[in-house]
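A closer look at the structure
Here's the letter readout for the chains.
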Amino acid sequence: MNRVWLKRIGIGIAVLAVIGGFYYALRETPTLIDVASVTEGPMQINIREEGTTRVRDVYTVSAPIAGQISRTVLEEGDRVEAGRTIVASIHPLDPPLIDRRTQAELQAARDAASAAVALAEIDLQRAEAALGLANTELDRALRLYEPRVIPQSALQRVQNEVELQRAQVDAARATIGVRQAELASAEARLKQPATVGPDGEDCCVNLYAPVDGVVLSVLAKSAQAVSPGAGIAEIGDPNRIEIVVDLLSADATRVKPGTRTMIVDWGGDQGLPATVRRVDPAGFTKVSALGIEEQRVNAIIDLEESNRQLGHSFRVAAELTIWECERCVQVPIGALFRNGSKWNVFRVDDNRLRRTEVSIGRMNNEVAQVLDGLSPGDTIVMHPSDTVDDGTLVEVRTQ
């Protein structure tokens, strides 16, 4: 009898084990999910673009005339005073080198000029001799005119001849001056460049700093020949820093003067508050790193407080706030997915998923504004996969 009951109990245990195995194998297994909570709080939409710092007023010292500038003694960072600090000194240029053929031509021109001077001196001697003869004839005519030996008309002819010869002498002397100037010009054209440069006393132009400030860059450091308008140095006040950010033209239409901005990635631990001062009225074409032509517009940003750590042409990043809400319901954008043309989320309700249609307002890179469909505190699924659907049993993944 005992053996029969033991056999029945064993069979019962075996049946229960089989039934338990089938139940365990066929039971619904919860899907592991990552969740987040719907929150309510402040929200902002920012435009982030790289920018460059620059001194607001940069003065470029340039050469007003062609010449040879001496080596610049100023370096970047040196302070200068307006009208007192010499930025550069410009010396006259040396004459160019003369090749053998040109030298022969210039020597021939010099010899011709020297011969012309000699001819002019001979003409002067001839004119002076003629003037002396005319003066002698005048003395003789005066002696003959007193006793009325010759008429007055003859005396006047002799006097006119004297005046004519005197004019010839003056013309000959003037001709000598012209020929001597031509000879000097021909000799000057034969001069070769000097073996040593001119000293400081021969400097013809000293260029002074136009404003008080700091040397931002030296464009011409070594001694060299410069043409009119060539840049030598840039000077500005590093305490007057502004930031230039080029925005996409579509984003520039949403940025206005007075837009609050935060300057980040400038090297400091904290962002620098700033304000947009101006958005340029005209854009320009810029090729992106991917080779795409984009229409860009410059926005000029002023720092609210001076920062001595920033200098000219430093790279920074600017976050411009184009929209903000002090208190609004928001959901992480990683929880949103499209169902047709509507935004949806999976809301967790008693370990079951409920597909919920939501109305979304504005979005930034992290969260989206919820207008309708969710309440603060609701638990939603982050990055839902295609293995979950409405009504799926879920379990929150632990770290």
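Note that the structure is predicted; figures quoted are calculated from it, not measured.

1. Section: the nonpolar core
- Counting residues in each nonpolar core, the largest one holds 19 residues, and the members touching the most others are I243, L247, I263, I301, L303 and L320.
- The dominant element in this core, judged by the number of residues it contributes, is strand β15 (residues 293–303), at four residues.
- Not counting residues up to four positions away in its chain, the partners in contact with L303 are I243, I263, L272, P273, A274 and L310.
- Counting 18 residues, the second largest nonpolar core, distinct from the first, contains V61, V80, V211 and A233.

2. Some words on the pairing of strand β13 (residues 272–279)
- Sheet analysis places strand β12 (residues 260–264) next to β13, joined by four bridges and oriented antiparallel. By the bridge assignment, T261 is partnered in β13 with A274.
- Pairing of β13 with β15, which is carried by five bridges, proceeds in the antiparallel orientation. Following the sheet pairing, V279 is matched in β15 by A299.

3. Remarks on the confidence of the model for the chain
- Mean pLDDT over the chain works out to 85, with 92% of the residues at or above the 70 mark.
- Ranking the elements of the chain by mean pLDDT puts helix α1 (residues 2–26) last with 66 and β13 first with 95.
- Below a pLDDT of 50 lies the segment residues 195–200, which in the model reaches three contacts outside its immediate sequence neighbourhood of four places, other chains included.

4. Some points on the environment of W343
- Following the sequence through the fold, W343 ends up in strand β18 (residues 342–349).
- For W343, a relative accessible area of 24% puts it in the partly exposed group.
- Sequence separation of W343 and I301 is 42 residues, and the distance between their C-alpha atoms is 37 Å.
- Apart from residues lying up to four places away in sequence, W343 is in contact with L336, F337, R338, T356, E357, V358 and I360.

Reading the values: the criteria
Residues numbered from 1 in each chain as written. Predicted model: local features only at pLDDT ≥ 70, side-chain atom pairs only at ≥ 80, totals over all residues. Heavy atoms only, no water. Core = buried A, V, L, I, M, F, W, Y, C linked by side-chain atoms within 4.5 Å. Buried < 20%, exposed > 50% of the residue type's maximum accessible area, 1.4 Å probe, protein only. Helix = DSSP H or I, 4+ residues; strand = E, 2+ residues; numbered from the N terminus. Contact = heavy atoms within 4.5 Å. Pairing = 2+ DSSP bridges. pLDDT = per-residue confidence, 0-100.

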